[in-house]
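This is what each chain is made of:
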Amino acid sequence: MVYDSYRLVKIKRILHKVNALTSQMRAMSDEELQSQTQILKSELANGKTVNDILPRAFATIREADYRILGMFPYDVQVMGAIVLNQGNIAEMKTGEGKTLTATMPLYLNALTSKGAMLLTPNDYLAQRDKEQLQPVYEWLGLTVSLGFSTDDQKATPEIKRSWYNADITYTTASSLAFDYLFNNLATRREDQYLRPFNYVIIDEVDAILLDEATSPFVVSSRPTVQSNLYGLADEFVHTLQPKIDYKLNEDQNAVWLTLHGIRQAQRFFRVPDLFTNETREIYRHIALALRAHFIMKNGHDYLVSEGEVVLLDEANGRLKKGVKVNTGLHQAIEAKEHVDLTPNQQVAASITFPSLFGLFNKISGMSGTAKSDEHEFFEVYKMRVIQIPTRRPVIRHDYPEEIYVTTRQKLIQALDEAITLHKAGRPILLVAGSVENSEIISELLLDRGIPHNVLNAFNIAREAAIIKDAGQKGAVTVATNMAGRGTDIKLGSGVKEIGGLAVIGTEMLPTRVKLQLAGRAGRQGDPGSSKFYISLEDSYLAQNSTKRFKNYYRHLQKRSTNRALKNPRLKMSIMMLKDRVAANQQMSRSNVNKNEAALKIQRRDLYQRRDQLMDNPHLEKVVGKWLHRGISLYLASKKQWDAQDLRRLMNQHFTYEVVELPTDLEYSITSLQAYLEQFCQTTLKKHAQKLVNRQQLNQFYRTALLNALDSSWMDQMDYLSKLTARVQPWGNAQRNPNFLYQEKAYQAFEKMFDHAAQKTVDNLMLSNISLNDDNNLVVHFN
Ligand SMILES: Nc1ncnc2c1ncn2[C@@H]1O[C@H](COP(=O)(O)OP(=O)(O)OP(=O)(O)O)[C@@H](O)[C@H]1O
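Keep in mind that what you see is a predicted model, and the values were worked out from it rather than measured.

A.B. asks: Which residues make up the overall build of the protein chain, and what values go with them?
C.D. replies: Counting secondary structure elements, the protein chain contains 28 helices and 22 strands. Here the protein chain, with 782 residues, has 53% of them falling under the buried criterion. Within the protein chain, contacts between residues separated by at least 24 positions form 75% of all contacts whose residues are at least 6 apart in sequence. Of the roughly 36,400 Å² of accessible surface on the protein chain, a fraction of 51% belongs to carbon and sulfur atoms.

A.B. asks: Break down the UniProt feature "binding site: ATP" (unreviewed entry) in the protein chain for me, citing the residues and quoting the values.
C.D. replies: Using the residue numbers shown here, the UniProt feature "binding site: ATP" (unreviewed entry) corresponds to Q77, G95, E96, G97, K98, T99 and D488. What makes Q77 buried here is its relative accessible area of 2%. Discounting chain neighbours no more than four positions away, the residues touching Q77 are F72, M92, E96, G97, L100, T101 and M104. Relative to the helices and strands, T99 is located in helix α6 (residues 98–110).

A.B. asks: Could you give an account of a positive patch on the surface, naming the residues involved and the relevant values?
C.D. replies: Taken together, K243, K247, K547, R554 and K558 make up a surface patch of like positive charges. The biggest single contributor to the positive patch is helix α22 (residues 547–559), with three residues. Tracing the backbone shows K243 in the loop between α11 (229–238) and β7 (246–249).

A.B. asks: Would you mind going over the site of the ligand in detail, with residue names and values included?
C.D. replies: Residues in close proximity to the ligand total 19 residues, the closest being K98, T99, D488, R520 and R523. Here T99 contributes a side-chain N or O atom positioned 2.7 Å from an oxygen atom of the ligand. Starting from 630 Å² of accessible surface for the ligand in isolation, the protein chains cover 87%. A per-element tally of the shell around the ligand places α6 first, with three residues. Classifying every residue of the shell around the ligand by side-chain character gives five nonpolar, seven polar and seven charged. When residues of the shell around the ligand are assigned to domains, at least three fall in each of domain 1 (2–217 + 354–387) and domain 3 (397–566).

A.B. asks: Run through the nonpolar core, naming residues and quoting values.
C.D. replies: Counting residues in hydrophobic clusters, the biggest one holds 83 residues, and the most contacted among them are F357 and F654. Both domains that furnish three or more residues to this core are identified here as domain 1 (2–217 + 354–387) and domain 4 (599–780). Not counting residues within four places of it along the chain, the set of residues in contact with F654 comprises I631, Y634, L649, L676, F679, C680, V761, M765 and L766. Counting residues in hydrophobic clusters, the runner-up holds 54 residues, among them I11, A116, L140 and I386.

A.B. asks: Can you break down the pattern of salt bridges residue by residue, with the values?
C.D. replies: Counting across every chain of the model gives 25 salt bridges. As a salt-bridge pair, K371 and E374 come within 3.0 Å of each other at their nearest N and O atoms. Classification of E374 by relative accessible area gives partly exposed; the value is 26%. The partner of K514 in a salt bridge is E401, with the nearest N and O atoms 3.2 Å apart. Of this pair, K514 sits in helix α20 (residues 511–518) while E401 is found in the loop between β14 (397–398) and β15 (402–404), placing the two residues 113 residues apart along the sequence. Linked through salt bridges whose partners overlap, the residues forming this network are R26, D30, E63 and R67.

A.B. asks: Residue-level account of the packing of aromatic side chains, with values.
C.D. replies: What the rule picks out here adds up to 19 aromatic pairs. With a centroid separation of 6.2 Å and an interplanar angle of 20°, the aromatic rings of Y164 and Y193 are classed as stacked. Residue Y164 is found in helix α8 (residues 157–165), and its partner Y193 is found in the loop between α9 (173–183) and β5 (199–203); the two are separated by 29 residues along the sequence. Since its relative accessible area comes to 3%, Y164 is described here as buried. Among the residues examined, Y193 registers a relative accessible area of 6% and is labelled buried. Between the NZ or CZ atom of R26 and the centre of the ring of F72, over which it lies, the distance is 5.5 Å. We note K382 situated over the ring of F378; from NZ or CZ to the ring centre the distance is 5.4 Å.

A.B. asks: I'd like to hear about the packing of α22 against helix α23 (residues 568–615), residue by residue, with values.
C.D. replies: Any two packed helices are characterised by how steeply their axes cross, that is the angle between the axes, and by the distance between the axes. Running from N to C, α22 and α23 cross one another at 140°; their axes reach a closest spacing of 12 Å. When the interaxial angle is binned, α22 and α23 end up oblique. Like other packed secondary-structure pairs, α22 and α23 cross with a definite hand, here left-handed. Where α22 approaches α23, its residues R548, F549 and Y552 are matched on the opposing element by R569, L570, S573 and I574.

A.B. asks: An account of the side chain of N456 is requested, with residue identities and associated values reported.
C.D. replies: Examined against the element boundaries, N456 turns out to sit in the loop between β17 (453–455) and α19 (463–469). Here the side chain of N456 touches S438 through a polar contact of 3.1 Å, side chain to side chain. For N456, the side chain forms a polar contact with the side chain of E439, separated by 2.9 Å. Contact partners of N456, with chain neighbours within four places excluded, come to V435, S438, E439, T480 and M482.

A.B. asks: Quick one: what's the story with unusual backbone geometry, residue by residue and with numbers?
C.D. replies: With the exception of glycine, the majority of residues adopt a negative phi angle, and the majority of peptide bonds are in the trans configuration. Here E204, not a glycine, exhibits a phi torsion of approximately 50°, which is positive. By secondary structure assignment, the location of E204 is in the loop between β5 and α10 (205–211). On the basis of relative accessibility, which here comes to 4%, the residue E204 falls in the buried class. Although it is not a glycine, K382 sits at a positive phi angle of roughly 55°. For K382, the position within the fold is in the loop between α16 (374–381) and β13 (385–387).

A.B. asks: I'd like to hear about helix α5 (residues 75–85), residue by residue, with values.
C.D. replies: With 10 of 11 residues buried, α5 is to be regarded as a mostly interior element. Along α5, the residues classified as buried are V76, Q77, V78, M79, G80, A81, I82, V83, L84 and N85. Phi turns positive, to about 85°, at G87, one or two residues after α5.

A.B. asks: Would you mind going over the pairing of strand β19 (residues 501–505) in detail, with residue names and values included?
C.D. replies: Burial within β19 is extensive, with five of its five residues counted as buried. Here β19 shows two buried faces, one formed by L501, V503 and G505 and the other by A502 and I504. Bridging between strand β16 (residues 428–431) and β19 involves four bridges; their strand directions are parallel. By the bridge assignment for β19, V431 is matched with G505. Here β19 runs beside strand β20 (residues 528–535); their pairing, made up of five bridges, is parallel.

A.B. asks: Explain the side chain of K160 residue by residue, including any values.
C.D. replies: Relative to the helices and strands, K160 resides in helix α8. Here D179 takes part through its side chain, which lies 2.7 Å from a polar atom of the side chain of K160. If we skip the residues at most four places from it in the chain, K160 touches A155, D179 and Y193.

A.B. asks: Account for helix α17 (residues 407–423), naming residues and giving values.
C.D. replies: Since the α-helix packs 3.6 residues into each turn, any two residues three or four apart lie on the same face. Helix length check: α17 (17 residues) gives 24 Å between terminal C-alpha atoms against 24 Å at 1.5 Å per residue, within 8%. Restricting attention to buried positions, one finds in α17 the residues Q409, K410, L411, A414, L415, A418, I419 and L421. On its buried side, α17 packs onto β15, β16, α18 (435–447), β19 and β20. Trailing α17 by a residue or two, G425 shows a phi angle of about 95°, which is positive.

A.B. asks: Describe a nonpolar patch on the surface, with residues and values.
C.D. replies: Together, M572, M575 and M576 give the surface a local cluster of nonpolar side chains, amounting to about 330 Å² of exposed area. Relative to the elements of secondary structure, M576 occurs in helix α23. Given the relative accessible area of 51%, M576 is considered exposed.

Rules of the game
- Sequence positions are assigned chain by chain, starting from 1 and proceeding in written order.
- Reporting of local features is limited, given that this is a predicted model, to residues whose pLDDT is at least 70; pairs of side-chain atoms are given and counted only at 80 or more, and all residues count toward the totals for whole chains, interfaces and linings.
- To get the side-chain values, take all heavy atoms of the structure and skip hydrogens and water.
- Numbering goes from the N terminus for both helices and strands, where a helix is a DSSP run of H or I of at least four residues and a strand is a run of E of at least two.
- Per-residue accessibility, obtained with a 1.4 Å probe over protein chains only, is compared with the maximum for each type, and a residue is labelled buried under 20%, exposed over 50%, and partly exposed between these values.
- Working rule for contacts: check all heavy atoms of both residues, and any pair within 4.5 Å makes them a contact.
- Each accessible area is a Shrake-Rupley result for a 1.4 Å probe, and residues are judged covered by the shown protein chains and nothing else.
- UniProt positions are given in the numbering used here, feature names are shortened, and annotations may be inferred rather than shown by experiment.
- Here, patches come from residues exposed beyond 30% relative accessible area and free of salt bridges, joined within 9 Å for like charges and within 5 Å for nonpolar side chains (Val, Leu, Ile, Met, Phe, Trp, Tyr).
- By definition, a salt bridge exists where a carboxyl oxygen of Asp or Glu is found within 4 Å of a side-chain nitrogen of Lys or Arg.
- None of His or the chain ends enter the tally, which takes Lys and Arg as positive and Asp and Glu as negative.
- One atom stands in for each charge, and that atom is NZ of Lys, CZ of Arg, CG of Asp or CD of Glu.
- Throughout, the term near means that a residue has one or more heavy atoms lying within 4 Å of the molecule or strand in question.
- Nitrogen and oxygen atoms within 3.5 Å of one another constitute a polar contact, given that in protein one can donate a hydrogen and the other can accept it, and given that sequence-neighbouring residues count only through two side-chain atoms.
- Ten residues, namely Ala, Val, Leu, Ile, Met, Phe, Trp, Tyr, Cys and Pro, are considered nonpolar, four, namely Asp, Glu, Lys and Arg, are considered charged, and the remaining ones, Gly among them, are considered polar.
- Boundary definitions for the domains trace back to an automatic or database domain assignment.
- Put simply, buried Ala, Val, Leu, Ile, Met, Phe, Trp, Tyr and Cys residues joined by side-chain atoms within 4.5 Å make one nonpolar core.
- Under the pairing criterion, centres of Phe, Tyr and Trp rings, with the six-membered ring standing for Trp, must be within 6.5 Å; the plane angle then separates stacked pairs below 30 degrees from edge-to-face pairs above 60, leaving the rest tilted.
- Whether a charge sits over a ring depends on NZ of Lys or CZ of Arg being within 6 Å of the ring centre and within 35 degrees of the ring normal.
- Axis geometry follows a simple rule: fit a line to the C-alpha atoms, using only the stretch in contact for helices, then measure angles between N-to-C directions, giving values from 0 to 180 degrees.
- Just so you know how the angles are binned, under 35 degrees is roughly parallel, over 145 roughly antiparallel, 65 to 115 roughly perpendicular, and the rest oblique.
- Crossings are assigned a handedness: left-handed for a near helix turned anticlockwise from the far helix by less than a right angle, right-handed for a clockwise turn.
- Two strands qualify as a pair provided DSSP detects at least 2 bridges between them.
- A helix is expected to reach a length of 1.5 Å times the quantity of its residues less one.

Here it is as structure tokens:
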């Protein structure tokens, strides 16, 4: 705390410097103010640093914000902006105006011409913020872009390049993650579009770096053979009895087979042992089916819509875009819900948010709720969380939550409260715990004849329109926690006078999500209130509570009281439960980060090699080296060679034609190596004769090498994505699963290059090459 106030003093000193320039900026003509951009850029070019020019740059854009948008950033916003420029996290309460705050560090860091990005948690916010602020940046002579397309058209590399080369880019973390992965799957420089990452502000930083830290972004590629094990594993799971065959630890979101269950599985799948190399896949599918059945809940974690399973983002109630679930879990849920299975796909590239942001020169973040995790932010990202005071005191009234025994009781109470407030004319935001509950609440409201809007994952398209009306007198909006982050509900006329927006929650939620939702009311010093109605049947409690707690619940259920529960011990145990869940989540993030660390090194190494291959105009030497390695690996597969073995090997990997071996060939490894290398060179010469020039030959080499490297990397990614599940059972045998993971990941990476070398031989020898009508190279790998 002492350090915090010391930091604030330092920040205020910089604020004074910015404030001192206000009148000077106000006196400038528009042209003079606009010319500041060039002046500041040349100061940077002449050796000044971003920190040196901060006061002037901030004062410039502050005045521009005022002239173009009519909003002059408040002192507390400038303080937030200073924190963002330091590469730290500004904790600013909800509604304090983070969008406008970000204009200052974005402008300042964009002056370096290396790019500045703002990442929001969803498309809607990125688009809204970009549209709102674009006029300011453009007025000051900077370019702005939105980092994704707003229609369904696929963007060409050229279009993407224009997004990422803009001075300032507004986008979402997931769009950036996917673009990064695709950029590094390109086989030609022309298809790449990213420049090195420079500066980023992550809006709602706790959602991105904490809540979503553990689910990697995955780009899938070639479909693999569909396994019929999903259906079988699903059938098997139906036969299991709780506690006897499997155990569920809802605290840790874990479910596993007991010894009895393992025996059942061995009987069901007719295998003697479930933990051998051959039966690994069976075990993996059982683990997936168990998760699908006992951890993933319809309406909470996913929806089934028109015969398809769509995953929901737990943190914000939105549909998950792209492929973002651990390999196979999606199919396991599909088997559970009896819908068609999507084809199995292989992982082509993957990355987690923490690794993605590790690629930036400077990262910063903002959120209304980051302080509680400041240790983790510092430990993992070296970012400090600095609390910025609010401009006006928050006068929102947060009532203590009311606890009921059953879902029914809590919903009725919440509805009664909503109706009372509605009668008084106050706008109401009724928050449901799941899509299903939002529909139930909506029906209950209809029964009582109350008109309302529903905002859930099914009607995202109407989000902006719904939010626009949500603050009007008498408006009732039912929403899932989708309405939590960044939703700015503006109060209609006369609403302040009657008490502002009322947020009524109907579900127990993690603390941060709850704070975000309450923060929809009482923004910028407005009046407002929040109250949460929870029940002992809420899924958060059901999933995370202890045995004692459950017994207590059963006891209360028998008493069948309709009144709110007031027992202080109950409140205390709920508080402790929340802490325990948060600690468990932190632990699982730290495990994922440790595993990801191995992957990060491998990914960087691989991408560097790819870049080198793409830039090298003379690949003959590299080709020679890889052929040498590939051939020696093929030859190492046997101790003794004879003519028949050699012919077989050559027909598999070197040529489809009949092999004529020299009569005087010696069958020692050394001479076979020399013979095969010579054979390869002759084949390559033949290939070269079909091509127009040396560049084309180089292009052929590059394609063959990249293809070999990429497909080996895909196997590696696939292996790693399954490795976490595989090391778990060994972990139980008292070996540290993290250590095992690192060890196995490293060994596999070494092996990966062996496979790539062998694949290179096949690619160079067995491919069909030709020229099309325009004399462009066409390669088909076999
Ligand atoms: N300096 C300012 N002058 C006038 N109005 C402002 C100023 N700064 C912000 N506002 C207004 O305050 C409201 C809240 O801003 P914004 O949505 O950016 O808040 P936020 O901090 O991002 O909230 P949340 O945490 O909920 O996302 C907006 O309507 C915005 O236009």
